[in-house]
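One-letter residues, chain by chain:
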Amino acid sequence: MRKLVIIPTYNEKENVAAMIDKVLSLNGEYNLLFVDDGSPDGTADIIRDKQKQSPERINLICRTGKLGLGTAYITGFKWALENNYDLIFEMDCDFSHNPDDLSRLAARLETDADVAIGSRYVRGVNVVNWPLSRLLMSYFASKYVKIVTGMPVCDATAGFVGYRAEVLRTLDLDRVQMIGYGFQIEMKYTAWRYGFKIAEESIIFVDREAGTSKMSSGIFGEAFFGVLKLPFRRIKKQ
């Protein structure tokens, strides 16, 4: 199966070269697609330099301005489907998601799942180096999603996720409304409503050591109020 890892970037010069080297070293032949939102720190230039070493496995889409995490992934998903990838993964560039865990997500997609989530909360709380306030916000956000929507997922806001191509072809990507971290919730919820099987693999999430977080109060607000609308959205079942 052809595998693609989509990584949105904005000012990730401290991490991007090491991330490329790590993913390309993994067993399983994972290709990379970076969606860069005009990083002023030269992130895209670093990716272009790396492309010279492995042009067939490293891909780059450059956009102008910060257009949102969700739109970056939608752009990446459409590119993946156009280029006939079978398994499509999303993850952060800052090593908070361990690339070694890609193999476990891929194994679930190849056996018993349509969507595989790298979950921080499916077995207790596995988060390292987060401030208590952010940990509590993240943990209870997933509890909130579960209560409001009924979706049986412990880590609804997780950003380390793998999809079978069939899922992304079935979902109407142009109808996805949330563009911040609420996007992660909306994608999982819509896949679940369509009847796709969602599996959670326990991971250890480690806060970034380099670069800066993109979380903001606006992103949190979008997710909070957007979740309230999800149960009332009309979704055509398969």
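Position labels on residues start from 1 in each chain and follow its written sequence. This being a predicted model, a pLDDT of at least 70 is required before a residue's local features are given, and a value of 80 or more before pairs of side-chain atoms are given or counted; all residues contribute to the totals for chains, interfaces and linings. Side-chain numbers come from the whole structure's heavy atoms, not from hydrogens or water.

Let's shift gears to the environment of isoleucine 6. Considering the arrangement of structural elements, one finds isoleucine 6 in strand 1 (residues 3–9). A sequence separation of 69 residues divides isoleucine 6 from threonine 75, and the C-alpha atoms of the two residues are 9.7 Å apart. Two residues form a contact once any of their heavy atoms are found within 4.5 Å. Leave out the neighbours within four places in its chain, and isoleucine 6 touches Leu33, Val35, Tyr73, Gly76, Phe77, Ile88, Phe89, Glu90 and Met91. Strands are runs of DSSP state E lasting at least 2 residues, helices are runs of H or I lasting at least 4, and numbering of each runs from the N terminus.

Under the scheme applied here, a residue whose accessible area is under 20% of the maximum for its type counts as buried, over 50% as exposed, and between as partly exposed, the area being computed with a 1.4 Å probe on protein chains only. Counted residue by residue, strand 2 (residues 30–36) has seven buried out of seven residues, so it is predominantly covered. In strand 2, alternate side chains face the same way, and those of Tyr30, Leu32, Phe34 and Asp36 on one face and Asn31, Leu33 and Val35 on the other are all buried. Whether two strands pair depends on DSSP finding at least two bridges between them. As defined by bridge partners, strand 1 adjoins strand 2 across seven bridges and the pair is classed as parallel. What sits directly across from leucine 4, in strand 2, is asparagine 31.

This part takes up the sheet that holds strand 5 (residues 115–119). Pairing within the open sheet is mixed, and its seven strands lie in the order 3-2-1-4-7-5-8. The sheet is open, and its two borders are formed by strand 3 (58–62) and strand 8 (198–202), each paired with just one other strand. Neighbouring strand axes in the sheet, compared pairwise and without regard to direction, differ in orientation by 20 degrees on average. Pairing of strand 4 (residues 87–90) with strand 7 (residues 161–164), which is carried by four bridges, proceeds in the antiparallel orientation. Along strand 7, the bridge assignment pairs leucine 87 with arginine 164. Each axis is a line fitted through C-alpha atoms, and for a helix only the stretch in contact is used; angles between axes span 0 to 180 degrees, taken between their N-to-C directions. Along the sheet face, helix 1 (residues 16–25) touches strand 1, strand 2 and strand 3 and points at about 155 degrees away from the line of strand 2. Across the sheet, helix 7 (residues 182–193) lies against strand 4, strand 5, strand 7 and strand 8, angled at about 35 degrees from strand 7, the strand it touches most.

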